Amino acid sequence: MPATIYAPTNSRAHWAGAGADLDLHIEAYEGDIDGSFRVNSMFRSSGLTTFKSISGTNLWRGDRVGGIAVKGRRSGETLDTARIPNEKFTITVDTTSYASSSVDYQDDWTGPDYQAEYSAEHGSAHAKAFDEAHVIQLIKAGSWVAPASLKTSGAFYDGVTRVMAGYAADVALNTEAGNIAAANKLVKQHKDLIAIFAKRDLGDSLSEFRTLCDPDTFNILLDHGKLMNVDWQGGQPTNDFAKRRIAYMNGIPVVETPRFVTTANPSHHLGPAFNLSAAEAKARMVVFHPKQTLLTVEACPMTVRVWDNEAQFTNVLDSYCMYTVGLRRGDAVGVIASD
């Protein structure tokens, strides 16, 4: 638009400089602050792991035992005794998870107090990292190898990973037909895992299992015909396409979580045991028994402190905890992965 004849010589309040083009307006600040979306830890609050505390050591010990055969005897025959094998396993806690933020005195004196907001940022970051570490261990459980002495006795089994042939191609189509084909693969592999767990004598506790998946995989499941059809839900629908709800699949509760890690991580802050390879990052769903699977061993609970570094004229906000995530046993976990 053309300028008025006065534009070059207009007197402009709160505009400085020879050309009156330097903005000096004062912000109308009312304390409105936006930060990261607040996150609570699913694994801390939902009973999806078993917590163990240690003190005076960095090791937690567990024992595994099992396997005995039933034999027959007739009158006068001797009894054959058999050894019941047992093994121990340890979980080492060797890394502190922390976040640290600093505020210079002068910035503190001349700006608003953001301590509550900064603390909330720390809390959300720790919650995300905590849940992701647990999901990573569940994914890795798919390649868990049972101790040989216990496996041969039939008491323990190896972890299970099922790779869905053609799944990636179905999803890449980005069509309803492709999604339906992908959803069928997910549900079939999930159903097959339930049968495996039943054969492992976990049938009586199948209702305690949980299924975790990432949001993109949850979207695919919403296109499964039988899963979302009320005619297949026993007259009491629990799954609802309109409400974007999948409560159960093959009798197991389904939980959608953005903490499901789908990106390879070659350098995790908790150490190499949590590094996720490109192949492991293809996992799209895990089915697991919370009481039988994860162990969270904690040496120091979440601690938050604000301290004054007088020599540096700085206030410091620290938050930290010391824990690790181990497996009680990996044969109560099944992983479903893309090809």
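As the structure is a prediction and not an experimental result, all values here were calculated from the model.

**Q** So what's going on with the environment of H224? Residues and values would help.
**A** As for its placement among the helices and strands, H224 is situated in the loop between helix 7 (215-221) and helix 8 (225-228). For H224 and A181, which are 43 residues apart along the polypeptide, the C-alpha to C-alpha distance reads 8.3 Å. Discounting residues that sit within four places of it in the chain, H224 has contacts with A183, N184 and V187. A distance of 3.0 Å separates the side chain of H224 from the backbone nitrogen of L227, its partner in a polar contact.

**Q** Break down the nonpolar core for me, citing the residues and quoting the values.
**A** F43, L138, L212 and V286 are the most contacted members of the largest nonpolar core, which has 31 residues in total. Elements that contribute at least two residues to this core include exactly helix 1 (42-45), helix 3 (115-140), strand 11 (283-288), strand 13 (314-327) and strand 14 (333-338). Among the elements that take part in this core, helix 3 stands out by supplying six residues, more than any other. Once residues within four sequence positions are removed from consideration, V286 is found in contact with L138, I139, R210, T211, L212, F260, G334 and V335. Core analysis: the second largest hydrophobic core is formed by 28 residues, F209, M228, I246 and I252 among them.

**Q** Just give me the short version of unusual backbone geometry, but keep the residues and values in it.
**A** Backbone geometry at N250 places phi at a positive 55°, although glycine is not the residue there. Relative to the assigned elements, N250 resides in the loop between strand 9 (248-249) and strand 10 (252-256). A positive phi angle is found at F313, which is not glycine, with a value near 55°. Mapping F313 onto the fold places it in the loop between strand 12 (294-309) and strand 13. The partly exposed category is assigned to F313, whose relative accessible area is 43%.

**Q** A description of the packing of aromatic side chains should follow, citing residues and the corresponding values.
**A** With the rule as written, the count across this model stands at eight aromatic pairs. Between the aromatic rings of Y105 and W109, the centroid separation amounts to 5.8 Å while the plane-to-plane angle is 35°, which identifies the pairing as tilted. One end of the pair, Y105, and the other, W109, are both in helix 2 (residues 105-109), four residues apart, so they sit about a helical turn from each other. The exposure class assigned to Y105 is buried, which follows from its relative accessible area of 12%. Grouped by ring-pair contacts, the aromatic residues F51, F130 and Y323 constitute a single cluster. Geometry around F89 places R64 over its ring, the cationic atom sitting 3.9 Å from the centre. Positioned above the aromatic ring of F156, the side-chain terminus of R329 is 3.8 Å from the ring centre.

**Q** Please set out the side chain of R200 residue by residue, giving values where relevant.
**A** Of note, R200 is situated in helix 6 (residues 176-202). Of the side chains with opposite charge, D331 comes closest to the buried, unpaired R200, at an N-O distance of 5.3 Å. If we ignore the near neighbours within four places in the chain, the residues touching R200 are Y157, D158, V160 and D331.

**Q** I'd like a description of the pattern of salt bridges, backed by residues and values.
**A** Scanning all chains against the criterion turns up 11 salt bridges. We note a salt bridge from E208 to K291, for which the minimum N-O separation is 3.8 Å. Here K291 lies in helix 9 (residues 290-293) and E208 lies in the loop between helix 6 and strand 8 (210-213), a separation of 83 residues in the sequence. Look at E208 and you get partly exposed, because its relative accessible area is 31%. Connected through salt bridges with shared partners, the residues R162, K188 and D192 form a single ionic network.

**Q** Describe a nonpolar patch on the surface, naming the residues involved and giving the relevant values.
**A** A cluster of nonpolar side chains, V65, I68 and I84, forms an exposed patch at the surface whose accessible area comes to about 280 Å². With respect to the helices and strands, I84 occurs in the loop between strand 4 (59-65) and strand 5 (86-92).

**Q** Tell me about the environment of H190, and name the residues and values.
**A** With respect to the helices and strands, the residue H190 is situated in helix 6. Look at H190 and you get buried, because its relative accessible area is 0%. The residues touching H190, leaving out its near neighbours within four places in the chain, are T211, M249, N250, I252, M285, V287 and I336. Within the structure, H190 has its side chain in polar contact with the side chain of N250 (distance 2.9 Å).

Parameters and conventions
- Residues numbered from 1 in each chain as written.
- Predicted model: local features only at pLDDT ≥ 70, side-chain atom pairs only at ≥ 80, totals over all residues.
- Heavy atoms only, no water.
- Helix = DSSP H or I, 4+ residues; strand = E, 2+ residues; numbered from the N terminus.
- Contact = heavy atoms within 4.5 Å.
- Polar contact = N/O pair within 3.5 Å; in protein donor to acceptor, adjacent residues only side chain to side chain.
- Core = buried A, V, L, I, M, F, W, Y, C linked by side-chain atoms within 4.5 Å.
- Buried < 20%, exposed > 50% of the residue type's maximum accessible area, 1.4 Å probe, protein only.
- Phe/Tyr/Trp six-rings, centres within 6.5 Å; stacked < 30°, edge-to-face > 60°.
- Lys NZ or Arg CZ within 6 Å of the ring centre and 35° of its normal.
- Lys, Arg positive; Asp, Glu negative; His and termini not counted.
- Salt bridge = Lys/Arg side-chain N within 4 Å of Asp/Glu carboxyl O.
- Patch = residues over 30% accessible without salt bridge, like charges linked within 9 Å, V, L, I, M, F, W, Y side chains within 5 Å.
- Areas by Shrake-Rupley, 256 points an atom, 1.4 Å probe, with all protein chains shown as cover.

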